[in-house]
Amino acid sequence: MYKAKAYAVSSATSPFGPATIERREPTDHDVQIEILFCGICHSDLHQARDEWHDMMPTMYPCVPGHEIVGRVTRVGSAVTKFKPGDLAAVGCMVDSDRTCPECKAGLEQFCNNFVLTYNFPDKHTGKVTYGGYSDSIVVTEHFVLKVPSNLDLAGAAPLLCAGITTYSPLRHWGVTKGKKVGVVGLGGLGHMGVKFAHALGAHTVVFTTSPGKKEDALRLGADEVVISKDANEMNKHAGSFDFILDAVAAPHDINAYINLLARDGNITLVGAPPEPLPVGVFGLIFRRRSFSGSLIGSIAETQEMLDFCGKHNITSDVEVIPIQKVNEAYERLLKSDVKYRFSIDMASLKSA
Ligand code: NAP
Ligand code: ZN
């Protein structure tokens, strides 16, 4: 074990502060990474504040962060893909059993025994996993990704969650040229969804509650922007969408979007508000529409997404902050006041 610097919360109501955590020494298959940037996902906020208590209660102290990019500092003797000095990235998962049918199918995100990057039991330390609001992390090689060298690192960090979580369902539901695609909520996930839908060639429509984001939505690649509070504007799109990606972090009326789907259209939720969302059955029955969810993406698909981003020069629009501003950043995230992802410059942790 060695000691690492981190920022942690000690309860659902306490602010973040400096902490010292224990990391394992790299074993044969491990990669040790000096963390350079870590994005702030709304899931970090949900979990730091124990908002997902009924599904996955938070164990304190909690060190969130699953949008990690950094540089390899040490590798175990059996590691083949990385060497010290390489760029590397870690997303939402750090392990899985790798023997179950899901793992064998290359879908680790559905493994019953996966290990999430933070707030999960850690067999190595006997404690819980600690995420990327830290100066280093040790992860088994299979769960470490390669970062295309042309990408800005602060903007690449959010690809590890916001990127893959939007890329995966767009690909799964066959979004391509000629399809009409909606993205609901222009936050960290939503703005990546817009960039990907646009890059895949779809006619992309953004639904936002924030009129002030309209210009940005167009700049990010949207063909149209709808202010979702305006029923007239919404009605103009009734029955017309092939696919809608809903990335909203709070309770909202899902039926308003189901009604915008064409025959056999699908709406996929990636946003994860803790409260149930009432769904009107008739909206689904008519036109054989479907309603589904999606969880991040597999390791192979995450690498595919990173390579796609390298090829198309896609990164997240980020506001880079020092770790000392993390409490303020959370308050702004709650007000949808970030364009469009906070990325923590982890060099700031040295002076914490
Ligand atoms: P975010 O940056 O806070 O963005 C959420 C956006 O939702 C806001 O920017 C806002 O967009 C919209 N919104 C907020 N409150 C709203 C309300 N009351 N009614 C309607 N719209 C509202 O959050 P994020 O980091 O993108 O995460 C979004 C959600 O995805 C979170 O719940 C997170 O936990 C979840 N998530 C899921 C997965 C997965 O694997 N499924 C992975 C990562 C994150 P406008 O201003 O444009 O309206
Ligand atoms: Zn996330």
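Structure: see above.
Caption draft 1: Seen up close, the environment of Glu331. Relative to the assigned elements, Glu331 resides in helix α11 (residues 326-334). A C-alpha to C-alpha distance of 38 Å links Glu331 and Lys177, two positions 154 residues apart in sequence.

Caption draft 2: How the structure looks around the sheet that holds strand β12 (residues 241-246). The parallel open sheet is built from six strands, whose spatial order is β11-β10-β9-β12-β13-β14. The open sheet terminates on both sides in strands that have one partner only, identified here as β11 (224-227) and β14 (290-293). When strand polarity is set aside, the average angle formed by the axes of neighbouring strands in this sheet is 20°. Pairing geometry for strand β9 (residues 180-184) and β12, over four bridges, is parallel. Within the sheet, the bridge partner assigned to Val183 lies in β12 and is Leu245. Along the sheet, helix α4 (residues 162-172) contacts β9, β12 and β13 (261-269); its crossing angle with β12, the most-contacted strand, is approximately 160°.

Caption draft 3: Region of interest: the coordination of the zinc ion (ligand 2). Of the protein atoms, only Cys41 (SG), His66 (NE2) and Cys161 (SG) coordinate the zinc ion (ligand 2), at distances of 2.0 to 2.2 Å. Every donor residue of the zinc ion (ligand 2) comes from the same chain, spaced as C-x24-H-x94-C. Of the two residues, His66 sits in the loop between α1 (42-48) and β4 (68-75) while Cys161 sits in the loop between α3 (153-156) and α4, which places them 95 residues apart along the sequence. Owing to a relative accessible area of 5%, Cys161 belongs among the buried residues under this scheme.

Calculation notes
Residues numbered from 1 in each chain as written. Chains lettered and ligands numbered in written order. Predicted model: local features only at pLDDT ≥ 70, side-chain atom pairs only at ≥ 80, totals over all residues. Heavy atoms only, no water. Helix = DSSP H or I, 4+ residues; strand = E, 2+ residues; numbered from the N terminus. Pairing = 2+ DSSP bridges. Axes fitted to C-alpha atoms, helices over the stretch in contact; angles between N-to-C directions. Contact = heavy atoms within 4.5 Å. Donors = N, O, S within 2.8 Å, 3.2 Å for Na, K, Ca; no water. Buried < 20%, exposed > 50% of the residue type's maximum accessible area, 1.4 Å probe, protein only.

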